[in-house]
Amino acid sequence: MRKNIIGIALIVLVFVTALFAVEEAAVEVLEYQGSLMQVSGIWFLNTGTGMFGLELGTLANTEGVAPELAAGDTIKVKGTMLNAVLQVTELCKAEMVYLPIVEEEKTSDYTGYQVNSKKCIGCNLCVKNCPVGAISMQKGKAVIDVTKCIQCGICANGSGKTWKGCPVGAIDKK
Ligand code: SF4
Ligand code: SF4
């Protein structure tokens, strides 16, 4: 009987560990260099060892200029992989860096931590790490309840331990 209980506990432990491993892998920020291709209007990156789609969104450099991209260009990209498509959070071409345009989302005078829903990939990690339970997921995006938030910044900047803050920089103080 006791052996059975220990066996079940071990199985549960392995299962939970595997779940966390999958979650961490899902939010890993990846970096690639390769050659651009375009098929049916969709950009792909050929790294020489593999090929995957790119979700570029709206990118711009510090002067607000969007990248001019053409098939055959060599680029570097950073981002998170979602359903075999890289959600690009940084693109570098000819030493010029392009980042997603962050649109102003403020609808009130509130000045505190807010989630940029365009950047949020719905990984749920900020929900788990908020010390006061101020973040919830709504339609796959994190939302901060400003009435609960104590402005600690842990969701954006990490806790100084293993949690380093939102992996895609979707939370910022306005
Ligand atoms: S805000 Fe960041 S940490 Fe929170 S769910 Fe979105 S991507 Fe994940
Ligand atoms: S700033 Fe702190 S309290 Fe507010 S949502 Fe982020 S982790 Fe939670």
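Residues numbered from 1 in each chain as written. Chains lettered and ligands numbered in written order. Predicted model: local features only at pLDDT ≥ 70, side-chain atom pairs only at ≥ 80, totals over all residues. Heavy atoms only, no water.

1. Some details on unusual backbone geometry
Now for step 1: For Asn-124, which is not glycine, the phi torsion reads 80 degrees and is therefore positive.
Now for step 2: Among the structural elements, Asn-124 can be located in the loop between strand S8 (113-115) and helix H2 (125-129).
Now for step 3: Of note in the backbone geometry, Gln-151 takes a positive phi value of approximately 65 degrees without being a glycine.
Now for step 4: The exposure class of Gln-151 is partly exposed, given its relative accessible area of 27%. (Helix = DSSP H or I, 4+ residues; strand = E, 2+ residues; numbered from the N terminus. Buried < 20%, exposed > 50% of the residue type's maximum accessible area, 1.4 Å probe, protein only.)

2. Side note on the pattern of salt bridges
Now for step 1: Applying the stated criterion across every chain yields a total of 2 salt bridges.
Now for step 2: The salt bridge partner of Lys-93 is Asp-73, with a shortest N-O separation of 3.0 Å. Residue Lys-93 is located in strand S6 (residues 85-93), and its partner Asp-73 is located in the loop between strand S4 (59-60) and strand S5 (74-82); the two are separated by 20 residues in the primary sequence.
Now for step 3: Judged by relative accessible area, Asp-73 falls into the buried class, the value being 17%.
Now for step 4: Put simply, Lys-78 and Glu-90 hold a salt bridge, and the shortest N to O gap is 3.9 Å. Here Lys-78, found in strand S5, pairs with Glu-90, found in strand S6; they are 12 residues apart in sequence, far enough to count as distant. (Salt bridge = Lys/Arg side-chain N within 4 Å of Asp/Glu carboxyl O.)

3. Some points on the nonpolar core
Side chains that are nonpolar tend, in soluble globular proteins, to be buried together.
Now for step 1: By size, the foremost hydrophobic cluster in this structure holds 16 residues, and its most contacted members are Ile-135, Ile-144, Cys-155 and Ile-171.
Now for step 2: Elements supplying a minimum of two residues to this core: S8, strand S10 (141-144) and helix H3 (154-157).
Now for step 3: With sequence-adjacent residues up to four places away left out, Cys-155 is seen in contact with Tyr-113, Cys-126, Ile-135, Ile-144, Trp-163, Gly-165, Cys-166 and Ile-171.
Now for step 4: Counting residues in hydrophobic clusters, the runner-up holds 14 residues, among them Leu-45, Leu-56, Leu-59 and Tyr-98. (Core = buried A, V, L, I, M, F, W, Y, C linked by side-chain atoms within 4.5 Å. Contact = heavy atoms within 4.5 Å.)

4. Some words on the site of ligand 2
Now for step 1: The immediate surroundings of ligand 2 are formed by 13 residues, with Cys-130, Cys-149, Cys-152, Gly-153 and Cys-155 found nearest.
Now for step 2: Along the lines of polarity and charge, the residues of the shell around ligand 2 split into 11 nonpolar, 2 polar and no charged. (Near = heavy atom within 4 Å. Nonpolar A, V, L, I, M, F, W, Y, C, P; charged D, E, K, R; others polar.)

5. Let's talk about the layout of surface pockets
Now for step 1: What the largest pocket holds in volume is close to 360 Å³.
Now for step 2: Taken together, 21 residues form the lining of the largest pocket, with Gly-57, Val-88, Pro-100, Lys-118 and Lys-119 sitting closest to its centre.
Now for step 3: Among the secondary structure elements, those contributing two or more residues to the lining of the largest pocket are S5 and S6.
Now for step 4: Top contributing element to the lining of the largest pocket by residue count: S6, with 3 residues.
Now for step 5: Considered class by class, the residues forming the lining of the largest pocket number 10 nonpolar, 6 polar and 5 charged.
Now for step 6: Two domains each put at least three residues into the lining of the largest pocket: domain 1 (30-100) and domain 2 (113-173). (1 Å grid on protein atoms, 1.4 Å probe; cavity = no way out; pocket = protein on both sides within 12 Å on 5 of 7 lines; lining within 4 Å. Points joined across faces, edges and corners; volume = space filled by probe spheres on them. Domains from an automatic or database assignment.)

6. Quick word on the environment of Asn-83
Now for step 1: For Asn-83, the position within the fold is in the loop between S5 and S6.
Now for step 2: On the accessibility criterion, Asn-83 (72% relative accessible area) is exposed.
Now for step 3: Sequence separation of Asn-83 and Gly-53 is 30 residues, and the distance between their C-alpha atoms is 9.5 Å.

7. Section: the side chain of Asn-61
Now for step 1: By the element assignment, Asn-61 lies in the loop between S4 and S5.
Now for step 2: Classification of Asn-61 as buried rests on a relative accessible area of 11%.
Now for step 3: In terms of polar contacts, Asn-61 uses its side chain to reach the backbone amide nitrogen of Glu-63, at 2.9 Å.
Now for step 4: With residues up to four places along the chain from it excluded, the contact list for Asn-61 reads Met-96, Val-97 and Tyr-98. (Polar contact = N/O pair within 3.5 Å; in protein donor to acceptor, adjacent residues only side chain to side chain.)

Keep in mind these numbers describe shape, not what the thing actually does.
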